[in-house]
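# A look at the structure
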Amino acid sequence: MTSPDVNGRLADRSPLQVLGWTPRLPLKATMIGAVVVLVPCAEGPERVTRQGHIRLTVSAQRTLGIVAGDPLFVAASVHDDQLTIYPMWVVDAALTALHQCTATGHGS
């Protein structure tokens, strides 16, 4: 869990450390539904900051309705070498749907 500051910088660097991503690593950000997926890409327009942080673009923040201080769930996939950023409203919706399926006996 982390949150962006007023400039979109994510506070927690530990997911990047798990992936071994270093400062200035070029990245490609893709919006898939309501999540942001980041992967290393030599021609990527985004970069890990000099201080080793991820910065969400203003466009991504607006599209997802994210403002400074909003909680975000960040998942690092070592196998895929990618970082996925979920707004909490997406996590809440997924967990609510899972709970409803489990409560009605439709989940396995």
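Above this text sits the structure in question.
How each quantity is defined
Residues numbered from 1 in each chain as written. Predicted model: local features only at pLDDT ≥ 70, side-chain atom pairs only at ≥ 80, totals over all residues. Heavy atoms only, no water. Helix = DSSP H or I, 4+ residues; strand = E, 2+ residues; numbered from the N terminus. Buried < 20%, exposed > 50% of the residue type's maximum accessible area, 1.4 Å probe, protein only. Contact = heavy atoms within 4.5 Å. Pairing = 2+ DSSP bridges. Axes fitted to C-alpha atoms, helices over the stretch in contact; angles between N-to-C directions. Expected span 1.5 Å × (residues − 1). Arc of directions from axis to C-beta.

This part is about the overall build of the chain. Counting its regular elements, the chain contains 3 helices and 5 strands. Shown N-terminal to C-terminal, the secondary structure of the chain runs as helices and strands in the order α-β-β-β-α-β-β-α. Principal axes of the C-alpha set define a box for the chain whose edges measure 50 × 30 × 20 Å. Taking all 108 residues of the chain together, the buried fraction comes to 32%. Taking the contacts inside the chain whose residues are at least 6 apart along the sequence as the reference set, 57% of them involve residues at least 24 apart.

Whenever strands of a sheet pair, they do so through backbone hydrogen bonds, lying parallel or antiparallel. One open sheet accounts for 5 strands, arranged S3-S1-S2-S5-S4; its pairing is antiparallel. Of all strands in the sheet, those bounded by a partner on one side alone are strand S3 (46–47) and strand S4 (72–77). In the sheet, strand S2 (residues 35–40) pairs with strand S5 (residues 82–87) via 3 bridges, with the strands oriented antiparallel. When the sheet's bridge partners are listed, Leu38 is paired in S5 with Leu83. Sitting on the sheet, helix H3 (residues 88–103) touches S2, S4 and S5, and the angle it makes with S5 is about 80°.

Okay, H3 next. For H3, which comprises 16 residues, the first-to-last C-alpha distance of 22 Å matches the rise-based estimate of 22 Å (1.5 Å per residue) to within 8%. Of the residues making up H3, those classed as buried are Met88, Val90 and Val91. All buried residues of H3 lie within an arc of 155° about the axis, which places them on one face of the element. Summarising the contacts, the buried residues of H3 are in contact with S2, S4 and S5. Count one or two residues on from H3 and you reach Gly105, which has phi positive near 85°.

Limitation: the analysis is restricted to geometry and does not speak to function.
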